[in-house]
Amino acid sequence: MSAAEETKGGLNRREFMALAGVAGAALAAPGLFVTDAFAADPLEMAPLPYAMNALEPVISAKTLEFHYGKHHATYAANVKKMVPGTGLEGKSMDDIVRATAGQADKAGLFNNAAQCSNHAFYWKCMKPGGGGMPSGKLMAAIMSSFGGYDAFRKAFVDGSVGRFGSGWGWLVQEGGKLKVVSTSNAETPLTQAGVTPLLVVDVWEHAYYLDYQNRRADYVNAFMDKLVNWDFVAANMK
Ligand code: FE
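Residues numbered from 1 in each chain as written. Predicted model: local features only at pLDDT ≥ 70, side-chain atom pairs only at ≥ 80, totals over all residues. Heavy atoms only, no water.

**Here's the deal with the sheet that holds strand S2 (residues 177-184)**
Within a beta sheet, neighbouring strands are joined by backbone hydrogen bonds and run either parallel or antiparallel to one another. Inclusion rule: A pair of strands is treated as paired once DSSP finds two or more bridges between them. Per the convention used, a helix needs a DSSP run of H or I reaching at least four residues, while a strand needs a run of E reaching at least two, with both numbered from the N terminus. Here the axes come from fitting lines to C-alpha atoms, over the contacting stretch only for helices, and the angles between their N-to-C directions go from 0 to 180 degrees. Contacts are assigned to residue pairs that have any heavy atoms within 4.5 Å of one another.
Read across the sheet, three strands follow the order S2-S1-S3 without closing on themselves; strand pairing throughout is antiparallel. For this open sheet the edge positions go to S2 and strand S3 (195-202), each flanked by a neighbour on one side alone. Strand-to-strand twist of the sheet, defined as the mean angle between neighbouring strand axes without regard to direction, takes the value 25 degrees. Strand direction decides the pairing type here: strand S1 (residues 167-174) and S3, joined by seven bridges, are antiparallel. When the bridges of S3 are listed, Leu171 appears paired with Leu199. Running over the sheet, helix H8 (residues 136-146) touches S1 and S2 and is turned about 80 degrees from S2.

**Quick notes on the pattern of salt bridges**
Between side chains of opposite charge, pairing is possible as soon as their charged atoms come close. Keep this limit in mind: Counted as salt bridges are all cases of a side-chain nitrogen of Lys or Arg within 4 Å of a carboxyl oxygen of Asp or Glu. Note on exposure labels: buried denotes an accessible area under 20% of the residue type's maximum, exposed denotes more than 50%, and partly exposed covers the range between, all computed with a 1.4 Å probe on protein chains only.
Evaluation of the coordinates by the stated rule reveals eight salt bridges. The partner of Lys80 in a salt bridge is Glu44, and the shortest N-O contact between them spans 3.2 Å. Note that Lys80 is positioned in helix H5 (residues 61-82) and Glu44 in the loop between helix H4 (34-38) and H5, a separation of 36 residues in sequence. Under the relative-accessibility criterion, Lys80 is labelled partly exposed at 38%. We classify Glu44 as partly exposed; its relative accessible area is 31%. Residue Asp95 pairs with Arg98 through a salt bridge whose shortest N-O separation is 3.3 Å. Here Asp95 pairs with Arg98, and both are found in helix H6 (residues 93-100), just three residues apart, close to one helical turn. In this structure, a network of salt bridges that share partners links the residues Asp41, Glu44 and Lys80.

Nothing here speaks to function; it is all geometry.
Structure representation (structure tokens):
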């Protein structure tokens with residue numbers, strides 16, 4: 001086994017980076033780079049793009065500790081356990097979602113992979129000090145597709161709040177138009193040809209219950225007003 005393989009198998013990314021920081025010279029052996037060691041594991045969970053308490057008071061650190069650290073982490077661990085032997089080894093999370101969608105014998109893997117994909121996207125849809133109005137080409141597309149920002153906002157909030165049970169509220173791009181859709185459980189528009197997800201809000205109870213209890217509408221409205229990372233949403237447009 002090479003040094004690179006030993007490192008990949010024995011350390012997670014955070015451990016590797018910490019070790020590299022204190023023993024960089026020792027690790028700077030020929031052929032041993034961070035990309036070599038970790039690019040081979042596309043299922044590694046990306047770090048949150050902000051601190052656990054960065055979205056307070058809209059979403060508490062306690063919610064993110066459970067939501068990212070327990071719920072998302074459990075889905076990710078399940079995928080890693082379920083992939084071996086499926087022929088999907090080495091594929092990205094989104095490719096696994098597309099490859100397993102609609103297959104009854106792969107429902108467990110689809111559900112866990114889609115929840116990983118959805119959560120990874122959701123974290124990036126938020127930022128501290130976000131929310132408010134979008135601008136530029138995204139605002140122009142919203143105006144032409146919905147007739148105005150308020151009409152879009154109402155459609156997105158109503159669709160997300162009205163999703164029965166667990167699921168997700170989305171803004172998507174399809175055929176040059178923007179649309180609001182919602183999906184149940186782990187379902188994602190990613191599996192539909194020609195549909196590009198732009199924005200998502202998690203409306204599973206675990207996303208808001210510690211902070212808002214049953215008040216899903218308060219959570220979705222606060223998400224829109226104070227958290228949405230419109231730069232990320234605009235960057236997803238085709
Ligand atoms: Fe969630």
